[in-house]
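# Inside the fold
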Amino acid sequence: MSRHDTDTERTFAPLPPAHGQAFARTWWGRAWLKALEDAALDSAQLKAGRRLARAGAVGAVSVRPGRITAVVQDRDGSAYRADVLLAELDDDQWNRLLDMTVERAGHVAALLDRDMPPHLVEDAAAAGVDLLPGMGDLEARCDCDAWDHCGHTAALCYQVARLLDQAPLALLLMRGRGERALLTGLQARSASPAAETSTDEGVDAAEAYAAGGILPSLPAPPDLPEERGTPPSLDTGTPPPAGIDPGALRHLAARTAAEAHRLLAEALHAEPEPECAVEELTVTQDAVRLALGAPSEAVADRLAEGSGRDREGLALATRAWELGGAAAAAVLEEEWTVSGESLTRARAALEGAWDDEERPSLRAVGNRWTVVDAPAQLRLGRDGRWWPYREERGRWVPAGGASRDPATALASLDAAGEEEG
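Residues numbered from 1 in each chain as written. Predicted model: local features only at pLDDT ≥ 70, side-chain atom pairs only at ≥ 80, totals over all residues. Heavy atoms only, no water.

## A closer look at the side chain of Thr 101
To keep things clear, this is the line we draw: Only DSSP runs of H or I reaching four residues or more are called helices, and only runs of E reaching two or more are called strands; each is numbered from the N terminus. A simple rule labels every residue: compare its accessible area, found with a 1.4 Å probe on the protein chains alone, to the largest value its type can have, and call it buried under 20%, exposed over 50%, or partly exposed in between. Residues adjacent in sequence count toward polar contacts only when both atoms are side-chain atoms; beyond that, a polar contact is any pair of N or O atoms within 3.5 Å, and within protein one must be able to donate a hydrogen and the other to accept it.
Its location among the elements puts Thr 101 in helix H3 (residues 91-102). For Thr 101, a relative accessible area of 2% translates into the label buried. Separated by 2.7 Å, the side chain of Thr 101 and the backbone oxygen of Leu 97 make a polar contact.

## As for the sheet that holds strand S7 (residues 362-365)
Here is the rule we go by: Only strands that DSSP links by at least two bridges are regarded as paired with each other. Lines fitted to C-alpha atoms define the axes, with helix axes restricted to the stretch in contact, and inter-axis angles between N-to-C directions lie between 0 and 180 degrees. The contact criterion used is simple: two residues touch if any of their non-hydrogen atoms lie within 4.5 Å.
Strands sit in the order S7-S8-S9-S10-S11 across an open sheet of five strands; the sheet is antiparallel. Only two strands of the sheet have a single partner each, and these edge strands are S7 and strand S11 (395-398). When the angles between neighbouring strand axes are averaged without regard to direction, this sheet yields 30°. With four bridges connecting them, S7 and strand S8 (residues 368-371) associate as antiparallel partners. The partner of Ala 364 across the bridge, within S8, is Trp 369. Across the face of the sheet, helix H14 (residues 311-333) comes into contact with S8, strand S9 (376-380), strand S10 (386-392) and S11 while running at roughly 50° to S11. Docked against the sheet, helix H15 (residues 340-353) engages S7, S8, S9 and S10, running at close to 70° with respect to S10.

## Quick word on the confidence of the model for the chain
The line we're drawing: Within a predicted model, pLDDT stands for the predictor's per-residue confidence, ranging from 0 to 100.
A residue-level look at the chain finds 83% of positions with pLDDT of 70 or above and a mean pLDDT of 80. Contacts from residues 1-5, a stretch scored under 50 in pLDDT, to residues over four places away or in other chains number 16 contacts. When the criterion is pLDDT under 50, residues 192-199 qualifies, and its contacts beyond four places in sequence or with other chains add up to zero contacts.

## Topic: the pairing of S9
A regular strand places its side chains on the two faces of the sheet in alternate fashion. The element S9 is extensively covered by neighbouring structure, given that five of its five residues are classed as buried. The alternating pattern of S9 places Ala 376, Leu 378 and Leu 380 on one face and Gln 377 and Arg 379 on the opposite face, and all of these are buried. Two elements, S8 and S9, share three bridges in a ladder whose sense is antiparallel. Pairing of Thr 370 across the sheet is with Gln 377, part of S9. Sheet topology note: the S9/S10 ladder contains five bridges and is antiparallel. Paired with Gln 377 across the strands is Tyr 389, a residue of S10. Between the antiparallel neighbours S9 and S10 lie five residues, among them Gly 384 with a positive phi of about 90°.

## Side note on unusual backbone geometry
In this model, Asp 145 sits at a positive phi of 70°, which is unusual for a non-glycine residue. Tracing the backbone shows Asp 145 in the loop between strand S6 (139-142) and helix H6 (151-166). Under the relative-accessibility criterion, Asp 145 is labelled exposed at 69%. Its identity is not glycine, yet Arg 393 carries a phi of approximately 50°, on the positive side. Taking the relative accessible area as the measure of exposure, Arg 393 reaches 81% and is therefore exposed.

## Observations regarding the nonpolar core
Worth spelling out the cut-off: Among buried residues, the Ala, Val, Leu, Ile, Met, Phe, Trp, Tyr and Cys ones that are joined through side-chain atoms within 4.5 Å form a nonpolar core.
Formed by 54 residues in total, the largest nonpolar core has its most connected members in Trp 32 and Leu 131. Considering every element that reaches this core, the biggest residue donor is H6, with eight residues. Dropping the residues within four chain positions of it, Leu 131 is found in contact with Leu 89, Leu 97, Leu 120, Val 121, Ala 124, Leu 171, Leu 172 and Arg 175. Counting residues in hydrophobic clusters, the runner-up holds 22 residues, among them Ala 317, Ala 328, Trp 387 and Tyr 389.

## Thoughts on the packing of helix H2 (residues 43-54) against H15
So the rule is basically this: Geometric relationships in this document are graded by angle, where less than 35 degrees denotes roughly parallel, more than 145 denotes roughly antiparallel, 65 to 115 denotes roughly perpendicular, and other angles denote oblique. Handedness of a crossing is defined here by the sense of rotation of the near helix relative to the far one, left-handed for an anticlockwise turn of less than a right angle and right-handed for a clockwise turn.
Two elements in contact, H2 and H15, have axes whose closest approach is 9 Å; the angle formed by their N-to-C orientations is 40°. Comparing the axis directions of H2 and H15 gives the class oblique. For the pair H2 and H15, the crossing hand works out as right-handed. Where H2 approaches H15, its residues Lys 47, Arg 50 and Arg 54 are matched on the opposing element by Glu 351, Gly 352 and Ala 353.

What follows is the structure, encoded as structure tokens:
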């Protein structure tokens, strides 16, 4: 991945073309893209940049404090050096960032493992340190002499989103600190501050050091079981108490085992099972969540009734939930009028997603854009994400996860069809 790696510069080899693929899959890669697209002034340049990045026109990317650089080949074969400048954090900001990080054990553990903690950006912002660029923070320079962002610098930014998926600490290098300096600062802060502020007499250091060799080392983390645990059997021969449904209880135990397996997978940094954890569900939403895992017919009938649906409607809602939790289930059933700023953003996204000759013919009704003469549809969620739908037996069914890019969402329908074939 990286051909050159020092504490002040990293150079990443060119990435292959990304036709029909999302530019970012991790939360920090998507956050970089959102910061770029929200701050963009010219949607045409973003469109040109996406086209070049997807075609593999961006060469090796050099990341240094305050600057990212690459040579981008235009569609006519001309090559341009594109630079994007980003302000470095000053010493005070770095001290605040490191002080905040060591107060959260999860942040330290993730960074020491060269990973990006999920809430580091938000926690840093609360401490007055902006890691991701905002409006006007990305200063563009290009050999094509454009006065602002051009297609070449936009392509570089889209490519960086893909690189951040693989090397999240490159974001901190852009802001001024290399990996070695960052980890050294964290380790120095994590080592001793408690001893300096404590008023407890404690124990003699020589005694503590001598006793340390007696204590066993911590055990290695357990391996993740290949399958979730099996709940105990309820076939005891004793009639169930009044009001207890053994079938429902068996299903709840199985769902609890599945959730325990998912939580263990997250704790071990393994791939969790695809399920969206949500809070404060309504009774209707919780009935859909509990319908995961193929319950018995009797239990499914109770859950369908509790969710206000028939069995077929519950199956569709469960299918949506598996793809994106409560947000996906809401998109399945809610049709709303897109207006104002939401409509402006939706039209801009659709306009910039395809080249003129590639753009499909779409018919809009509410938040649903149906491809003319094709069993394909895009639905816009209230959060601005696009969900792909496919027509099956005269009914629209969810067919994939959400994407900020409508072209990527629609392309996932073709990919899913190829896998099924």
